[in-house]
Amino acid sequence: MNLRITGHPAAPYARARRVGFTFEGRTLHGYEGEPVATALHAAGVRVLSRSFKYHRPRGIGLTCGAPSCPNCQLTIDGQYGVPGCATPLRGGETVRRERSWPSADRDLFGLIDRFSAFVPAGFQFRLFRRSPRLAHLAERVMGLVAGGAREVTPDAIARAARPGLGHRRTALAVVGGGAAGLAAALAAADAGMEVILVDQGEEPGGTLRAETGPVRTPDGGQTPGFALVAGLAARAAAHPSIEVLAGSTALGWYEGGVLPVHTPAGVLTLRPERLLVATGDYDQPLLFPGNDRPGVMLAGAVQRLINVDHVRPGHRAVVVTADPHGYAVAAQLRAVGVEIVALVDARGEAEAGADAAASFPSGVAASGVPHLTGHTVREALGRRRVTGLVVQHRNGARIVRLSCDVVVVSAGRRPAEELLLQRLYHGDITLDAGFGGASGDGGLPGGVAVAGGAAGVTDPAAALDMGAEEGARLARWSP
Amino acid sequence: MAIPGAARTPLRRSYDAVIVGAGVQGLALAYELAKLGVRDVAVLDRSYPGGGGSGRNGEMIRSAFGSREWSGLFDESLRRWRTLSAELDFNVLFSGSGYLVLASTPEQVERCRADVVRQAELGLRSEFVTGEEARKIVPEVNPDLALGGVYQDHAGFAHHDAVVWGYARAAARLGVELHTGVTVTGVDVAGGAVRGVRTDKGTVSAPIVVNAAGGAARRIADMAGVDLPTRTCRLEMIVTESVAPFLRPALATLDLLGYCHQTARGEFVGGTELPVPDISDSLNGTYDLLLDMAAKFVRLLPRLAGVRLLRHWAGLVDQSEDLSPVIGPVPEVSGFYLTCGWVYGFMGAPATGALLARGIHDGVMPELIRPFSVTRLHEGRFIEEGALVVAAEEGNAA
Ligand SMILES: Cc1cc2nc3c(=O)[nH]c(=O)nc-3n(C[C@H](O)[C@H](O)[C@H](O)COP(=O)(O)OP(=O)(O)OC[C@H]3O[C@@H](n4cnc5c(N)ncnc54)[C@H](O)[C@@H]3O)c2cc1C
Ligand code: FES
C-alpha cells in the first residue's frame, strides 16, 4: 500500500506539483514544498542518518521539533547538516545521508552498536587509557565516519556565504507564530503597535497546523485547529502593522537586546523594544530500549506527516500514550487508513478511558482496537526499522508482543524556553539554580513576556487567550 | 546527576587543606597533594566541577612559548599531558597531533622565526615552518593567512570534561573530598595565618587554604585581605556540528587572535578574541563575538562556510597584568596559596598541580613555579611573554 494519502477526510492538501530529485544515485519523486525527509519517507527510505557514537540507525519523526535535531540531517547539494524535516523539497536537488560507511543502510560501523554491551556509555574514557598509541589510532579510525561534509564544493561554500541584512528596530518582536504568537501579534498590532512576527515554519501556524481536531474559539464556537491558525495567519499577513518573517529562526537574544534572525535571505539583526516569546513546546520522547529505532515517532511528527504532508508514517501502528493527545492522534491515523494495532497506556482503565473519550466516544474497545491499559513498554524490536513492540502489564504477569511498523509516542510536552534561558542565564551557575524560573511570571524583565506552549500551556484555547492577553499587555508597556 | 568524584559524605568542620574551586587547577592540585600523602583535603565548589573556565576552554595544549618562565612550566606540563591518561587511569582523550601557531604577515613570520630560535635555546622542541609547510600541515587553511608559523608536532589538545572528571575521580580514590554546591563566603585569617573558610554550608577550619577560584579568584583573595592584582575577563567559544575530519593539529592564528581544533568526532571547536580585553563576569555569549568568530573561522578555513553551530558559550578567566599565572604563597597570610591569574590554565594544570603540591608539602616552592609569585606583580617585575594569543590592552602580546 502506498504511503501517500489521497482524499484525506479532514485536511485539504496544499501541494500539487510532483518533482524529482536524486538520492544517492537514484531518482526519487516527491511534492514540491514538502520536507525532504517526508519525500524520502514516502519513497520508502527509513534510515535517514546514523547516531554519532554507536551508529544506530535513525529515522524520521524521532526527535522532530527538538532544537537542532541531529537525526534527519542530510547533505543537500553539497551542503551538509541540512535538517531534512525542515527543508522544503524544490525538485532537482541531490540528497545524501551522512555519518556512515559504506552507506547509511548498511553501515559497517553499526557493528559498534551490536557489541554495545562491551562499549557502554562513556567507553571512550576507559578505552586505551594506558596506550597513547592505540588511543591515537582509534581517533583516526573514528575520523573515517565522523561528521558530514565529505564533499564540500566551492559552489556550496559560495551559497552558504550570504550577506547580512543589517539592523532593524521594531516596537515588538514576537518569536513563534503558533496560536499564541499569532494571537499576541494581532492583539498588539490592533492596539497600534508595529510588530515583527518570526516563525520557523514555511508558513505560521505552529503545531496547530497539523491539528484536524476541534479547538474552542474565543467566541465559544469550535473549529479544526488547522483552520483556526490559517485564519489567524491570513489576518496577520494582511495586517498593515505586522510583518511576518516565515521560514525564519531567532538565533538568540543577546546582551543589548539583539535578536538576530536567520531568514531565507540572510541574517536580519532585530533590536526589538519588546519581546514576546511564543516558541511553543516539544513532544517528549519515552524511555525504553529501542526507542530510537526508525519507525518510533513522536505524536506531533506523526500528525504533521498525515495532516500536513498527507503521508502515512507506516501501515500498522502501536500508539503509546499518557494523555488525550495520543488518543486523538490514534483516531486521526485510523481516519487515514493506518491500522491501530493497539493503544498502550500505563495508567489504569478509568484514567485512560477518560482521556480516550473525546476521540473514541463509544470507547476504545468498541472500535475494535485493543486497549492495553496498565501496560508499559519493555522494548521495541527490529533493527533498521521497528518491527514490533513488547509491552508488559505493570503487575508483571502479562507480556504482549505486538507486531507493527510504527510506534507513536505521546508522553507529554516540554516548553521550548531556550530563548529565555539563554538570556537570563547571567552570572553564577549554581547547582540549585534550576531552570524553572524562566517560564514562571517572576523573573522576566519588563517588556518581555512568554505565552502559550513556551509558558507551559498545552491547551490550544488557553494558549490563544494567553497570547492575546500578553500581546495587549506588551502594547501597553513602555520602557 | 551523579558527579564524578563527588563526596557522598557531608562536609566536615575541619581538614588539613581546603581548596576553593573544583576547576582543573584545584582538582589537579588536590590529586597531587593526595599523592604526596596530604589526603585530608576538601575541594569546595559553588558549582559543578569544571563549571568555570575548565569546562569552557579551547582545550589547546602547547609549550612553545617565548619566555624562560613560561617555557619551563609549560614544557613540564606537556610532558605530563602525554601520559596523563595512564596516570589518572582515565582516557582524557589527549591528542598529540600537533599545534601550529600561524603567522599571516611578514612581521609575524619574523617573530615566529625568532621565537623558534629562542625556544631552541630554552631546550624546547619546536620548529619554524614556511607557508608551504604550514599549508601541508593544514591543507584546508586559507593560503593568504598561512605565511609561516611555529609548529610543535607533539603538542595538541585534550577533552576538557574528561580531564576534570579524570582528576576528580583519581583524587577521590586517594581520599580527597569534593563538595559541590558549597559557596565560599569568607576566609578566616588570624595572627597572619589562615584558619579556614566560611561557606554557605558552615565554617570549615584548615591550616592550608588554596585559592583556585578561576574568574572569582580576586574575590576570594579579597576575603583573605590579600591583594591580588588581577581582573576577570570573558572569553567565548563556538562548536559546530560534526564535519568530516579536515583539521588534524590544534591551530592558533596571531592575526585573527583565534585558536581552534577539531575533535575526533568531527566538531570544530574555536574561539577568537577582540583586540581589547572584555572585562566582564557575565557568562552570556555575545552576538558581536559570535559574528567575529564565524567570520574569522570561515576566512581561516573556508570549508566551514555553511556549517551549523551547535553551541556558543562564554567563560571567565582571571587575568594579571603580564598575562602570566600567579602561583604560590602570599606574603601577607601564611598558609594561603594561590593558583590564579590563569589564561592558559588548562594546559598548565598538570605541571602546576604537581609542583605547587610539592611546594606546599615541602614548604619551598620548586624552581619552575617560583617566578610566578604574586610579589612580582606588586614589585612590577613583569614576565615578558610574547608568544601568547590573547587580547592585551596595548595589543603588544597579540
Ligand atoms: C573560552 C575560553 C577558552 C580558553 N582556552 C584555553 C586553551 O585553549 N588552553 C588553555 O590552557 N586554557 C584556556 N583557557 C583558560 C582556562 O580555561 C583557564 O585558565 C583554566 O580553566 C583555569 O582553571 P581554574 O581551575 O583555575 O579555574 P576554573 O576552572 O574557572 O575553576 C574555578 C572554580 O572555582 C569555583 N568558585 C569560584 N568562586 C567560588 C566560591 N566563592 N566558592 C566556591 N567555589 C567557587 C567556580 O565555580 C569554578 O568551578 C580558556 C578559557 C576560556 C574561558
Ligand atoms: S526534525 Fe529531525 S527527525 Fe524530524
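Residues numbered from 1 in each chain as written. Chains lettered and ligands numbered in written order. Predicted model: local features only at pLDDT ≥ 70, side-chain atom pairs only at ≥ 80, totals over all residues. Heavy atoms only, no water.

What follows deals with the site of ligand 1. Residue and element names in this part refer to chain B. Residues in contact with ligand 1 amount to 38 residues; listed here are only the nearest, Asp45, Ser54, Val184, Gly345 and Met347. Between Glu59 and ligand 1, the recorded distance is 3.4 Å, taken from a backbone N or O atom to an oxygen atom. Surface burial for ligand 1 is 97%, taken as the share of its 1,000 Å² of free accessible area covered by protein chains. Among the secondary structure elements, those contributing two or more residues to the shell around ligand 1 are helix 1 (24-35), strand 2 (41-45), strand 13 (230-240) and strand 17 (309-320). By residue class, the composition of the shell around ligand 1 is 20 nonpolar, 13 polar and five charged. (Near = heavy atom within 4 Å. Polar contact = N/O pair within 3.5 Å; in protein donor to acceptor, adjacent residues only side chain to side chain. Areas by Shrake-Rupley, 256 points an atom, 1.4 Å probe, with all protein chains shown as cover. Helix = DSSP H or I, 4+ residues; strand = E, 2+ residues; numbered from the N terminus. Nonpolar A, V, L, I, M, F, W, Y, C, P; charged D, E, K, R; others polar.)

For sheets, the rule is that strands pair by backbone hydrogen bonds, running either parallel or antiparallel. Residue and element names in this part refer to chain B. Ordered by their spatial adjacency, eight strands build an open sheet running 5-6-4-14-15-16-13-17, and the pairing between neighbours is mixed. At either end of the open sheet lies a strand with only one pairing partner, and these are strand 5 (127-130) and strand 17. Averaged over all neighbouring strand pairs, the angle between strand axes comes to 20°, with direction disregarded. Note that strand 5 and strand 6 (residues 148-152) share four bridges and pair antiparallel. Of the residues in strand 6, the one forming a bridge with Glu127 is Tyr151. (Pairing = 2+ DSSP bridges. Axes fitted to C-alpha atoms, helices over the stretch in contact; angles between N-to-C directions.)

Take the domain arrangement of chain A next. All names here are of chain A. For chain A, the assigned domains read domain 1 (18-159), domain 2 (164-281 + 414-476) and domain 3 (285-411). Placing a centre on the C-alpha atoms of domain 2 and another on those of domain 3 gives a separation of 31 Å. Facing the five residues of domain 2 at the interface are six residues of domain 3. Taking both partners together, domain 2 and domain 3 bury about 430 Å²; carbon and sulfur atoms supply 48% of that area. Of all residues in domain 2, Ala210, Glu211 and Thr212 give up the largest surface area on contact with domain 3, accounting jointly for 77% of the area buried on that side. Summed over the shared surface of domain 2 and domain 3, the number is zero salt bridges. Scanning the region where domain 2 abuts domain 3 turns up four residue pairs in polar contact (both at pLDDT 80 or more). When the residues that make up the side of domain 2 that touches domain 3 are grouped by side-chain class, the tally is one nonpolar, two polar and two charged. (Domains from an automatic or database assignment. Contact = heavy atoms within 4.5 Å. Buried area = accessible area lost by both parts, 1.4 Å probe. Salt bridge = Lys/Arg side-chain N within 4 Å of Asp/Glu carboxyl O.)

Here we come to the UniProt feature "domain: FAD/NAD(P)-binding" (unreviewed entry) in chain A. As annotated in UniProt, the feature "domain: FAD/NAD(P)-binding" (unreviewed entry) corresponds to residues 172-422 of chain A in the numbering used here. Across residues 172-422 of chain A, the secondary structure splits into 24% helix and 34% strand, with the terminal C-alpha atoms separated by 19 Å. (UniProt positions renumbered as here; feature names shortened; annotations may be inferred.)

This paragraph deals with the domain arrangement of chain B. All names here are of chain B. Domain boundaries assigned for chain B yield domain 1 (17-56 + 161-228 + 322-378) and domain 2 (94-156 + 231-320). Just the C-alpha atoms count here: the centres of domain 1 and domain 2 sit 29 Å apart. Across the boundary between the two partners, domain 1 contributes 17 residues, which contact eleven residues of domain 2. Between domain 1 and domain 2 lies a buried interface of about 1,100 Å² when both sides are counted; carbon and sulfur atoms form 50% of it. Contact with domain 2 buries area across many residues of domain 1, yet Arg56, Gly215 and Val343 alone supply 48% of it, more than any other trio. Counting across the interface, domain 1 meets domain 2 through zero salt bridges. Inspection of the region where domain 1 meets domain 2 yields eight residue pairs in polar contact (both at pLDDT 80 or more). Among the elements of the structure, helix 7 (217-223) and helix 10 (375-378) are those that each provide at least two residues to the side of domain 1 that touches domain 2. Taken together, the residues of the side of domain 1 that touches domain 2 sort by class into eight nonpolar, five polar and four charged.

Within the largest apolar cluster, 83 residues are counted, with the highest numbers of intra-cluster contacts made by Ile19(B), Leu73(B), Trp81(B), Tyr167(B), Tyr344(B) and Ile360(B). With eight residues, the top contributor of residues to this core is helix 1 of chain B. Residues from two domains meet in this core; each of domain 1 (17-56 + 161-228 + 322-378) and domain 2 (94-156 + 231-320) of chain B gives at least three. Core analysis: the next-biggest nonpolar cluster, separate from the first, contains 44 residues, Cys69(A), Leu305(A), Val311(A) and Val406(A) among them. (Core = buried A, V, L, I, M, F, W, Y, C linked by side-chain atoms within 4.5 Å. Buried < 20%, exposed > 50% of the residue type's maximum accessible area, 1.4 Å probe, protein only.)

This part is about a nonpolar patch on the surface. Together, Phe128(A), Leu134(A) and Leu137(A) line one region of the surface with nonpolar side chains, adding up to about 250 Å² of accessible area. If you trace the backbone, Leu134(A) turns up in helix 3 (residues 132-145). (Patch = residues over 30% accessible without salt bridge, like charges linked within 9 Å, V, L, I, M, F, W, Y side chains within 5 Å.)

Turning our attention to the side chain of His8(A). Residues and elements named next belong to chain A. Considering the arrangement of structural elements, one finds His8 in the segment before strand 1 (18-23). A distance of 3.1 Å separates a polar atom in the side chain of His8 from the backbone nitrogen of Ala11. Of the polar contacts made by the side chain of His8, one reaches the backbone oxygen of Ile306; its length is 3.3 Å. Excluding anything up to four places from it in sequence, His8 contacts Thr212, Ile306, Asn307, His310 and Val336.

We now examine the pattern of salt bridges. A side chain with one charge can pair with a side chain of the opposite charge if their charged atoms come near. In the structure shown here, the tally under the stated rule is 36 salt bridges over all chains. Here Glu273(A) ties to Arg274(A) by a salt bridge, and the two come within 3.3 Å at their closest N and O atoms. Overall, the relative accessible area of 6% leaves Arg274(A) in the buried class. A salt bridge links Arg113(B) to Glu110(B), with the shortest nitrogen-to-oxygen separation between them at 3.6 Å. A residue pair is termed a helical-turn pair when its members lie 3 or 4 positions apart in one helix, as Arg113(B) and Glu110(B) do in helix 4 (residues 106-121) at three residues. By relative accessible area, Arg113(B) is classed as partly exposed at 41%. Classification of Glu110(B) by relative accessible area gives partly exposed; the value is 45%. When salt bridges that share partners are traced, they join Arg56(A), Arg58(A) and Asp292(A) into one network.

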